[in-house]
Amino acid sequence: MGSIVIRDIPHTYELAPCPLSGACTIVFVHGWLLSRVYWSPLIDQLGGEFQCLSYDLRGFGQSCLPPTSEFAAASYSPAAYAEDLHALLQSLHIDRAWVIGHSLGGAIALWAAALYPDRVAGVICINSGGGIYLQEEFERFRHFGTQLVKYRPHWLNLLPGMGWIFSRFSVDRPLDFQWGKYRFMDFLRADETAALGALLESTTEAEVHQLPRLVSQLSQPAYFIGGDRDPIIEPQYVRHLASFHPSFQDCGENWLELSPCGHFAMLEHTTAVADFIRQRVN
């Protein structure tokens, strides 16, 4: 584990060197209220073939914001986080990489590919879709997410069983208890400014409608993985976004629906996701 300063914020990252000379680098980008830790089972399977980089987004996991107000006006949009990613790659002297993003991380990966085509070789989005803006649904989601973040009772940490609850939320089958504990702790320690900013800036009508345009203009490969029972990003939204990429028009094989699967495909179907990556990343 290392730490590197990007835009005055220390970012925690893990870079696992690959024993194979000249191996491709894969960067893993986590989702909202999460951290880099959820990529570890996938990296364990892929680490012998690829150089793997995972990191905590600004304001999440161990990439903590300083206790000052100077970052209150900072942008937490997917594009801004893509700029952070680019700065991270530059600092680590990684000239070209594939970017794999989960949920919100998928939008960040797409923005990175659009903004930095010379550095991003391709994208794989996991449990990430969109392009359709349903006003009432998004307003409910934003309201619920805002209340969830602003009124997190930290005394919940004293109650037993919270890991058990979080191991069952938004997945088809319960995850191992350790993942529930990680999810609960990441939920509690996410910085409020970053969590609210990322939520509100990634779910505007303009941002939602921008994603299909980004995908349609990408020159790099872009693939999408969805879960048939994902309650957060339903599979039709994953397929909808995938359909804008030129490769979908050519063969319709740029997306995969896993079954049975909820919102954490990299934990629920680690081997299937690893195989999908092996077949496409080069």
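Owing to the predicted nature of the structure, the values given are computational and were not obtained by experimental measurement.

(A) Representation of the layout of surface pockets in the model. Each pocket or cavity is described by its volume, and for the largest pocket that value is around 1,300 Å³. The element contributing the most residues to the lining of the largest pocket is helix H4 (residues 135–150), with 6 residues. For the lining of the largest pocket, a count of residues per class yields 28 nonpolar, 11 polar and 4 charged. Counted as a void, the second largest pocket has a volume near 200 Å³. Lining the second largest pocket are 13 residues, and of these Pro174, Leu175, Leu267, Glu268 and His269 sit closest to its centre. Looking at the lining of the second largest pocket element by element, the count peaks at 3 residues for helix H11 (residues 265–268). Of the residues contributing to the lining of the second largest pocket, the split by class is 7 nonpolar, 2 polar and 4 charged.

(B) The arrangement of the nonpolar core in detail. Trp32, Phe60, Leu110 and Phe224 are the most contacted members of the largest nonpolar core, which has 59 residues in total. It is helix H3 (residues 104–115) that contributes the most residues to this core, 8 residues altogether. Apart from residues lying up to four places away in sequence, phenylalanine 224 is in contact with Leu110, Cys125, Ser128, Val215, Val238, Leu241, Ala242, Asn254, Trp255 and Leu256. Cys24, Phe50, Ile100 and Val171 belong to the second-largest nonpolar core, a separate cluster that totals 32 residues.

(C) A look at helix H7 (residues 192–202). Among the residues of H7, Ala194, Ala195, Leu196, Gly197, Ala198, Leu199 and Ser202 are the ones counted as buried. Structurally, H7 contributes buried residues whose contacts are with helix H2 (78–91), H3, H4 and helix H8 (205–217). Of the residues that open H7, the one with a side-chain oxygen 2.9 Å from the backbone nitrogen of threonine 193 is aspartate 191.

(D) Representation of the environment of leucine 256 in the model. Here leucine 256 is to be found in strand S8 (residues 255–258). Classification of leucine 256 as partly exposed rests on a relative accessible area of 25%. Residues leucine 256 and phenylalanine 276, spaced 20 residues apart in sequence, show a C-alpha to C-alpha distance of 8.6 Å. If we ignore the near neighbours within four places in the chain, the residues touching leucine 256 are Phe224, Ile225, Gly226 and Phe276.

Conventions adopted
- As a convention, each chain's residues are numbered from 1 in the sequence order in which they are written.
- Totals for whole chains, interfaces and linings use every residue, but because this is a predicted model, local features are given only for residues with pLDDT of at least 70 and side-chain atom pairs only at 80 or more, for both listing and counting.
- Only hydrogens and water are removed before side-chain values are computed, so all heavy atoms of the structure are retained for them.
- In this analysis the probe radius is 1.4 Å and the grid spacing 1 Å, with only protein atoms considered; a cavity is a set of points the probe fits into but cannot get out of, a pocket is an open set with protein on both sides within 12 Å along at least five of seven lines, and lining residues have an atom within 4 Å of a point.
- Grid points are joined across faces, edges and corners, and a volume is the space filled by probe spheres set on the points.
- A run of H or I in DSSP counts as a helix once it spans at least four residues, and a run of E counts as a strand once it spans at least two, with each numbered from the N terminus.
- Residues are grouped as follows: Ala, Val, Leu, Ile, Met, Phe, Trp, Tyr, Cys and Pro are nonpolar; Asp, Glu, Lys and Arg are charged; all remaining types, including Gly, are polar.
- Here, nonpolar core means buried Ala, Val, Leu, Ile, Met, Phe, Trp, Tyr and Cys residues that are tied together by side-chain atoms lying within 4.5 Å of each other.
- Summary of the burial criterion: residues with accessible area below 20% of their type's maximum are buried, those above 50% are exposed, and those between are partly exposed, where the area comes from a 1.4 Å probe applied to protein chains only.
- In this analysis, two residues are considered to be in contact whenever any of their non-hydrogen atoms come within 4.5 Å of each other.
- For the purposes of these results, a polar contact is taken to be a pair of N or O atoms within 3.5 Å, where, inside protein, one atom must be able to donate a hydrogen and its partner to accept one; residues adjacent in sequence count only when each atom of the pair is a side-chain atom.

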